Each structure stands twice: as C-alpha cells, then as structure tokens.
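The chain contents come next:
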2 protein chains.
Amino acid sequence: MTERDATAVSRFAHDTAVQRLDVDRFGAECRAGWRVIGDAAPNGGYLMALGARAMAERADRPDPVTVTAHFLAPPALGPVEVVTELVRDGRRHATVAARIVQDGRECVRLLGTFGDLSRAEGPTRVLREPPPWPAVDTLDEPLRAAPRGTLPEFLDRLDHRMPAETSGWTRGAPSGAGVHGGWCRWSDGHAFDTLALLCVADAYPPVVYDLDVGDLAWAPTIELTVQVRGRPAPGWLATRFTTRALTDGFFEEDGDLWDADGRLVALSRQLALVGRRPTTRG
Amino acid sequence: MTERDATAVSRFAHDTAVQRLDVDRFGAECRAGWRVIGDAAPNGGYLMALGARAMAERADRPDPVTVTAHFLAPPALGPVEVVTELVRDGRRHATVAARIVQDGRECVRLLGTFGDLSRAEGPTRVLREPPPWPAVDTLDEPLRAAPRGTLPEFLDRLDHRMPAETSGWTRGAPSGAGVHGGWCRWSDGHAFDTLALLCVADAYPPVVYDLDVGDLAWAPTIELTVQVRGRPAPGWLATRFTTRALTDGFFEEDGDLWDADGRLVALSRQLALVGRRPTTRG
C-alpha cells in the first residue's frame, strides 16, 4: 500500500491492521513511524493498540474497556503475530488475553475486557476537571522546535501542542510538579477512535522528566493499563499526565484524556522505571 | 488446622496458602472469612492475593511489583487450582500469568510482574501526601457499629478505623467527594506483607457509596491493578480511596496505601460498575 493509499484510512488504522489467520491467531506488521528511543523500539502504546485490535476482533466487541499490557522485549520492524485467547464471553463484556510474538519470541503480554461503549448506561458524576490548558491555537509545538533528527520518529505521528507549564523540561527547566500534557491529534487529520486512545496514553515523553531528579534516560514501561470510558468526539484531545510517587526508581504515570467536547474518554496508569540513575537528591 | 493453630502464621497467610502440585500448578482453598456481598462471594483482593502467592512462587521472587486481575466468576468455598505460566524471567523482574480455576471453571485471570523490592534502588521523590487522617486511637470503627450480621464476614478480618469525613455513607450521608479510607490492620495482630497489600487494596466498600448518586447495590470489579512500591513496616496502614469519574455506570477506585512509617507502599486502581441503576441525578 502506498503512502497515498494510506490516507484512505488513518495511518494509525493502517499501521495497526490485523489479518485473521484462524480463530485465535492474527497476522500484523510492526511498522516504521512509531518508534522511540532513537528509533530503536516501537512505542508501547502503538504495540498495545495493535494487540488490542486483534483482541477486540476475537471478542467481537468494538471497544476496549480496560486493557493491561506488560512489555517484555521490543520487536523489530516486520511481521508479528497476535495470539489471542477468549477467556470469558459474557453478556455485556468479553475478556481476552493475548501475546504479540515475533520469530517465536514474545514481546508483549496483554489482558483486557472489551465491550460496546455506545451502549453503556448508568449514572455519570465527574469530579475531575479537564486540564486547564490554554486554547490550542495559542500554543506552541515545543517538540517540533527541536533540531530535525533529534526526536523519535513517533512524534511525527501526532500534532502536539503543549502549554509552557508542561514543557519546561524541553528547555532544561522541569517544573518539579511532575506534569505533562497538552492537546494532540493525529498528524494525518483522521479522528481518534477508542483503540487510538491506547496509543495516545503512551504518546508523551516520560512524565518523570518534569521532576527535578537529574539527567534521566528513557524510562522503560513495565506495565500500562488504560480504562476507556467513551468514544472520543472528532477534534483535539486534551491530555494530562502526572506522576506523584517516584520511589526507588519506580514511578507511576497517570493520564486523563478528554475529547473535544470536554468529555473524559480515558484514564491511564503505567508503572515505569527511570532509565538511568541520576544524581540522587530525593 | 484449628483456629488456635492458625495464629502461628497470620490468618491471611493460612487462608491464601498454596501447595505446589507441579512446575506450573498450585492447589489452594477458597476459605470462609473473606466473603462479601452477603457472604455470597469471596473478596476480590483476597482472590488476587491467593493467585499472586502462587505467581510469586512460580516467579521465584518474593514481591508483587504490579499485578492485574480480571474477575470472571466468583468461586464457591472449597478447593481451587492456580495454573501459572512463566511469561518472562528477566534479570530484575519476572512476569507471570495465572488463572484461578474451580471445577474446570475459570474464576480469575491474572497478569503480574514480580521482583525483590528489598533490592530496589533509584531516586525517590514523593509529591503525594499521606492521607490527613486523625490519629488512629481517636477514631471510630463505624463498620463494627452496624448490627451484627448485616456486614459481610470479610470485614471481621480487618480492624478498620475511619474518620467521620470518610464514613458519612454509613450514616446515610455520603460526602459527595468520592473518598473512603482510614487506618487498618489485620484483626489477628499479624503484620502486613506485600501480598497482603493486594487484599487491602480491595478491602473497603465501593468508594462510589460516597457519591450522592442514589441507592447503590454492590459494585462488581471488572479489573484491579495494584502497584506495590515497598514492604510495609509493622503497624497500622493508612489508606485512601477516591473516585473522580463515574461515567455511564463505570467508575475507577484509586487507592494509596501508606505504612506506619509514612512510606507509600502501594498504589491501586480498579474499574468497577455500579451494581444497580439508581435514580439518575448526574
């Protein structure tokens, strides 16, 4: 498929596409354009979305409700297989386990519950506030201001707009508050769907960069869980990522994602490790 | 084993004990004393701890680092089997999948990463504050004030002390803030270990009871993830559970657990459903 054809569906849908091989097995391809860490490894959220696409098809349910991924080893670019297992097929939800395998090596293990969020009903009471970011058209693209070639290719997939208060770390001045976020959308103009939210939940540099704990390297994710609460309206997504407990090198990254209509559409939490031991001050 | 013998180890250790049957399979027993919902179903955290005990043994690592459980069907009292799979055995951590099975029926599916938290090292920077609860000896036991027989047996396992601000729901006056918590310890006086934290993370009535959304029934947990950050010091554990996003009947319950020395020892998050549709106001 050429780059031109790929615009018929989103680049994301194209690059996370799965092909059913039998009842439990799906073929897919780990594609260029989604790598981080000096383009050495695919973004974890991209892999999670690819795996969850196969899981949703196995579950015969359109939406991830809560999905957990444990990251074992980064796959190289090229073919992968998603091997699924239907754990429980209930009235309202189905639970599916999966593993992403490349050349016989398991790269990601997933466990998730899937459903149809368009049919969810029950009380709503949201005490969280959407992030207080200024209007998107007043904001910079601090990630794009970096010299070409110094940022991972994955950042090109998203159009990121970040308020100054959450991008101090890009200027060598972390706020110390442990907050990242801003507005984002796919660079190709396509709308986010619920699978895309799994990718966006891991689409920012590690929030620990905003803590004043020295010169940190990449932060490997051990485990990422995303709760999807609704199908996002088209348009910019407001994101906020925080960490409030870095302990012995472990930290959580909690995300909340809000659609263009101001509705909370996902909560995420990951456990990650700081990649290199900095000058210890804390 | 008699009740008297059981005090040699904690009731918790006794009731979550596993016996290795072969490399991957463990025998265990779902015991009385841990049930909720009118004593109809075992507490989810109890089952999670039982499963994680087998997983830790399979991993040959003492501590859960992050464990996720999806709850499929409540087991009855009696024998269960924990079938484990060592997914990855790394230098620092091991990842294990498991299922708790009774009479051929899968009840819980788990996925977790295990390690040795006594050897964790790296920077620490905790921005969270421990919960602001008054001193434990000034607090009531609101759950025990209820008429005998109206509370699930599980509540007897823990000595709960709750500040008035988090127990208004027991008096028909939820605060609306979506907060539960207080101090707790095992009723038998034994100290908490890291497996016990998985149980405590699910040891409070659903935090959604503190929202003013009508007469709620039990809230089934879809998925619970606990990040364990450290081994708790002996003594009272301070807990805080919050929900800030009830959407279409789904809500998260976020917990933070602090040991008697004021150290954060675990973060938890579950996704649950309100059990009955109340008079909708939100």
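Analysis parameters
- Residues numbered from 1 in each chain as written.
- Chains lettered and ligands numbered in written order.
- Predicted model: local features only at pLDDT ≥ 70, side-chain atom pairs only at ≥ 80, totals over all residues.
- Core = buried A, V, L, I, M, F, W, Y, C linked by C-beta atoms within 7 Å.
- Buried ≥ 20, exposed ≤ 12 C-beta atoms within 10 Å, placed from the backbone.
- Contact = placed C-beta atoms within 7 Å.
- Helix = DSSP H or I, 4+ residues; strand = E, 2+ residues; numbered from the N terminus.
- Expected span 1.5 Å × (residues − 1).
- Nonpolar A, V, L, I, M, F, W, Y, C, P; charged D, E, K, R; others polar.
- Pairing = 2+ DSSP bridges.
- Least-squares fit on C-alpha atoms with pLDDT ≥ 70 in both.

Undergrad: For the nonpolar core, give the residues involved together with the corresponding values.
TA: Of all hydrophobic cores here, the largest spans 154 residues; its most connected members are L197 of chain A together with L197 of chain B. If we ignore the near neighbours within four places in the chain, the residues touching L197 of chain A are F192, V226, V228, P232, L257, V265 and A266 of chain A.

Undergrad: Give a detailed account of helix α2 (residues 44-59) of chain B, specifying residues and quantitative values.
TA: All names here are of chain B. Between the first and last C-alpha of α2 there are 22 Å, a value that for 16 residues agrees with the 22 Å anticipated at 1.5 Å per step. In terms of burial, α2 is a largely internal element, 15 of the 16 residues being buried. Immediately downstream of α2, the backbone of D60 shows phi near 55°, a positive value.

Undergrad: Let's hear about the interface of chain B and chain A: which residues, and what values?
TA: Contacts between chain B and chain A engage 49 residues on the former and 49 residues on the latter. Broken down by class, the residue content of the side of chain B that touches chain A amounts to 20 nonpolar, 16 polar and 13 charged. Sheet topology places strand β14 (residues 245-247) of chain A next to strand β9 (residues 125-126) of chain B; 2 bridges connect them, and they run antiparallel. Note on β9 of chain B: the bridge partner recorded for L246 of chain A is R125 of chain B.

Undergrad: Explain the relation of the copies chain B and chain A residue by residue, including any values.
TA: Mapping chain B onto chain A is achieved by rotating through 180° and translating by 0.0 Å along the same axis, at an RMSD of 0.0 Å. Look at the turn and shift together and you get a two-fold axis relating the two.

Undergrad: Which residues make up the environment of P234 of chain A, and what values go with them?
TA: All names here are of chain A. Relative to the assigned elements, P234 resides in the loop between β12 (221-228) and β13 (237-242). On the basis of neighbour counts, which here come to 13 C-beta atoms within 10 Å, the residue P234 falls in the partly exposed class. Taking the C-alpha atoms as reference, P234 lies 5.2 Å from A191; in sequence the two are 43 residues apart. With residues up to four places along the chain from it excluded, the contact list for P234 reads A191 and A260.

Undergrad: Could you give an account of the pairing of strand β11 (residues 179-186) of chain B, with specific residues and numbers?
TA: Residue and element names in this part refer to chain B. With respect to burial, β11 is a largely interior element, 7 of its 8 residues being buried. Across 4 bridges, strand β10 (residues 158-161) lies against β11 in antiparallel orientation. When the bridges of β11 are listed, D159 appears paired with R185. The sheet contact formed by β11 and strand β13 (residues 237-242) spans 6 bridges and is antiparallel. Bridge pairing in β13 links W183 to A238.

Undergrad: Before we move on, can you summarise unusual backbone geometry with the specific residues and values?
TA: Its identity is not glycine, yet D103 of chain A carries a phi of approximately 50°, on the positive side. For D103 of chain A, the location among the structural elements is in the loop between β7 (94-102) and β8 (105-115). Positive phi values are uncommon outside glycine, yet D60 of chain B reaches one of about 55°. If you trace the backbone, D60 of chain B turns up in the loop between α2 and β5 (63-71).

Undergrad: How would you summarise the pairing of strand β7 (residues 94-102) of chain B if you had to cite specific residues and measurements?
TA: Residues and elements named next belong to chain B. Of the pairings in the sheet, the one linking strand β6 (residues 78-89) to β7 comprises 8 bridges and is antiparallel in character. Each residue of the ladder has a partner; that of T84, found in β7, is A98. Hairpin connection, β6 to β7: the antiparallel pair is bridged by 4 residues. Relative to strand β8 (residues 105-115), β7 runs antiparallel, the two sharing 9 bridges. Note that in β8 the partner of T95 across the bridge is T113.

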